[in-house]
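Summary of structural features
If you want the building blocks of each chain, they are given just below.
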Amino acid sequence: SAGAPQPLPSSGPKSLREMPHPLATSSSEEMGPALTPSPDLLLPRSIADKDLSLPNGTPVDTSSPASSSSLLNRLQLDDDLDGETRDLFVTVDDPKKHVCTMETYITYRVTTKTTRAEFDLPEYSVRRRYQDFDWLRNKLEESQPTHLIPPLPEKFVVKGVVDRFSEEFVETRRKALDKFLKRITDHPVLSFNEHFNVFLTAKDLNAYKKQGMALLSKVGESVKYVTGGYKLRSRPLEFAAIGEYLDTFSLKLGTIDRIAQRIIKEQLEYLVELREYGPVYSTWGGLEVELSEPLEGVSACIGNCCTALEELSEDMTEDFLPVLREYILYSESMKNVLKKRDQVQAEYEAKLEAVALKKEDRPKVPTDVEKCQDRVECFNADLKADMERWQNNKRQDFRQLLMGMADKNIQYYEKCLTAWESIIPLLQDKPETK
Amino acid sequence: VLSFRAVESQSEGQCAPVDSLWRRYSEFELLRNYLSVTYPHIVVPPLPEKRADFVWHKLSADNMDPDFVERRRIGLENFLLRVASHPVLCQDKIFYSFLTQEGGWKEMVNETGFQLKADSRLKALNATFRVKNPDKRFTELKHYSDELQSVISHLLRVRARVADRLYGVYKVHGNYGRVFSEWSAIEKEMGDGLQSAGHHMDVYAASIDDILEEEEHYADQLKEYLFYAEALRAVCRKHELMQYDLEMAAQDLTSKKQQCEELATGTVRTFSLKGMTSKLFGQEAPEQREAKIKVLEEQIQEGEEQLKSKNLEGRDFVKSAWADIERFKEQKNHDLKEALISYAVMQISMCKKGIQVWTNAKECFSKM
């Protein structure tokens, strides 16, 4: 029921369903968890399209894309995208090196398969480089500031010793980029983002990028959420809880990252010694007659264990550490979104206070205060929905990651076990009496 | 033959206070010295190390460390068992008294006067460089024992470093236990899985202590043969000495015979200062010459008998030494094979434990 401003829905741990949307009609309950939006509620293909309106006739403010997307978000709250309902599949593979006069870089093939109407074709295959992904992420952050945007792998290689064209590095990056796009694909709002669509489909992305820059200065898309100078008095309980959670979470991940790195370091030092150890048995075998074969056997066995250990360390470096770092980056960007939310709320509260102080008997609340309230509520709703989704994905991701770590260690020990078990008969073998 | 009880009572003495332990060790040393001197053709079993060597960082280099003391006790017991099971050494009376006689054993040993029979190190060194015709088999054996000593020391040194590093790997995993526990506190669904997985990481980290303790026994088995290499070399050295002695005696005999001949015939074949001076200052009177010849002839006779007995001694030595060396070779091959098997078994056990722990952790993670 539009009218007098409601108390902020975000104060207090209420479920999203309980909160009435200021623009919603009483029939909002009937909308239910729709899997696909009705044509009326499709996001505009271009920013200039202003023909959208809600069922009750209230025009949707397309200049702030957040509100329409959050509506969509709420409709798709219960949407657990399982295989049957998924209609968009994206993969990153086939890295290729390009050597040009100015620079050398890697491109990755991005393949899209979809039945969505927003796409002209059912299949696309384009080539993209890291800076394209970086551009996409920036665009998503700008155009969907109320949502949690997945992280990208680090732009620069911190260690300096790593070769950014090495197979391992490229593969690690490819996996991270693939994960990045898949997370967007799985998101009910982000996956419908126009920039995302172009990223997946355009032959010439650079032309679109340039066009986008020009448009940006006209529409001032990114200006909307840059509210400066407002300070929030107190963060609502549930967002404070999220903030605290993220702080502790990223701290613990940092610790785990350090431990994992330390283990890899110790393993490599252990490997160095093992590589000297094995051959000594072989040297000894050269001195002996009857013991020659057994000693050679032990030497070879230790060699096999070395190989297994090397594989374990490599796997952990390539598969385990990057995912940890991704989540740390994720947490950081999420904390920034929380801060933006605070800003939006602060602006609303400040303007509300200003109105109250004027003590004028106005029957209607000024539209800009209403807009602020709208923004706060949408932001809160979007963020909460994303947090829930994020928590669930995080649980699955870590379950998989840690099980993977356990698996790699099991495989390592199994390889070593096989090696040692196979030489027992060799050691017990009695030489033929000559 | 020898009762086990006697052996054990000696070993029990090792648990006595510090000074008596050191005295005991010195008595073992005395026993071994006695046996080495008295049976130079035998590869005498070695004593365990006096001081902790080839240590890795966790293992105390402190000789008072209870683990080290215990391992040395086992080593001393092993030494006695080796001697007791040797066909020749087990019959030695001094050895028997070592096991049975409480007091006055030291005096008894010294009374044998075995120290007089001991060869000086200098003489032995001389022999090494000057012997002309050593038995080829002994030369090869000496070379082998040098190489064996070198390779086993290298092996023990690297093994100690390997153990050190492995310890580090396991212990760092213990940190997972703590951080998983802390992390589980802020999680809802994931909490239990993380917490219990963390416990398994603690178990994993703790398991390395027993694993490495067991490996020390393997290292001790290698060390025994490291020290055995020295015993082998001692037998080779004894042969060299005897051979050198023989060669010197033969040389001496030859030169005396030559001198005799020269005096008898009056011809001087070899240059000698005496010969020159006698030419310059006049020759000796015939009576003097006769006397000299007589002395030489006596010495030659003695020398020939000595040479004969030395030859015999030498051949006996080679025969009995080689018999013991063959026995030793069999023992070595058998023991080292057993040691390698037990090492492989240890590694297998360690791998199985690793699989178990990580499988448990995986299950905990799956419940997240």
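Remember, it's a predicted structure, so these values are computed and weren't measured experimentally. (Residues numbered from 1 in each chain as written. Chains lettered and ligands numbered in written order. Predicted model: local features only at pLDDT ≥ 70, side-chain atom pairs only at ≥ 80, totals over all residues. Heavy atoms only, no water.)

Details of the interface of chain B and chain A
Contacts between the two partners involve 54 residues from chain B, matched on the other side by 56 residues from chain A. When chain B packs against chain A, the two sides together hide about 5400 Å² of surface, and 76% of this comes from carbon and sulfur. Between the two partners, chain B and chain A, sit nine salt bridges. Residue D407 of chain A pairs with K362 of chain B through a salt bridge whose shortest N-O separation is 2.9 Å. If you list the elements that add at least two residues to the side of chain B that touches chain A, you get helix 8 (136-184), helix 9 (191-265) and helix 11 (286-366) of chain B. When residues in the side of chain B that touches chain A are grouped by element, the largest group, 24 residues, is from helix 8 of chain B. (Contact = heavy atoms within 4.5 Å. Buried area = accessible area lost by both parts, 1.4 Å probe. Salt bridge = Lys/Arg side-chain N within 4 Å of Asp/Glu carboxyl O. Helix = DSSP H or I, 4+ residues; strand = E, 2+ residues; numbered from the N terminus.)

Here we look at the domain arrangement of chain A
Residues and elements named next belong to chain A. Parsing chain A into structural domains produces domain 1 (86-208) and domain 2 (232-428). Measuring from the centre of the C-alpha atoms in domain 1 to the corresponding centre in domain 2 gives 21 Å. Listed by partner, the interface residues are 20 residues for domain 1 and 21 residues for domain 2. Interface of domain 1 and domain 2: buried area, both sides summed, is about 1900 Å²; carbon and sulfur atoms make up 53% of it. The three residues of domain 1 that bury the most area against domain 2 are T146, L148 and R183, which together make up 34% of that side's buried surface. Applying the counting criterion to the domain 1 and domain 2 interface returns four salt bridges. The closest approach of N and O atoms between R183 and E326, which form a salt bridge, is 3.2 Å. (Domains from an automatic or database assignment.)

Comments concerning the sheet that holds strand 2 (residues 104-114) of chain A
Hydrogen bonds between backbone groups are what pair the strands of a sheet, and the pairing can be parallel or antiparallel. Residues and elements named next belong to chain A. Strand order across the open sheet formed by three strands is 1-2-3, with antiparallel pairing between neighbours. Only two strands of the sheet have a single neighbouring strand rather than two, namely strand 1 (88-99) and strand 3 (123-129). Sheet twist, expressed as the mean angle between neighbouring strand axes with direction ignored, is 20°. With ten bridges joining them, strand 1 and strand 2 adopt antiparallel strand pairing. Within strand 2, the residue paired with F89 across the bridge is K113. This element, helix 5 (residues 194-201), spans strand 1, strand 2 and strand 3 of the sheet and lies at about 90° to strand 3. (Pairing = 2+ DSSP bridges. Axes fitted to C-alpha atoms, helices over the stretch in contact; angles between N-to-C directions.)

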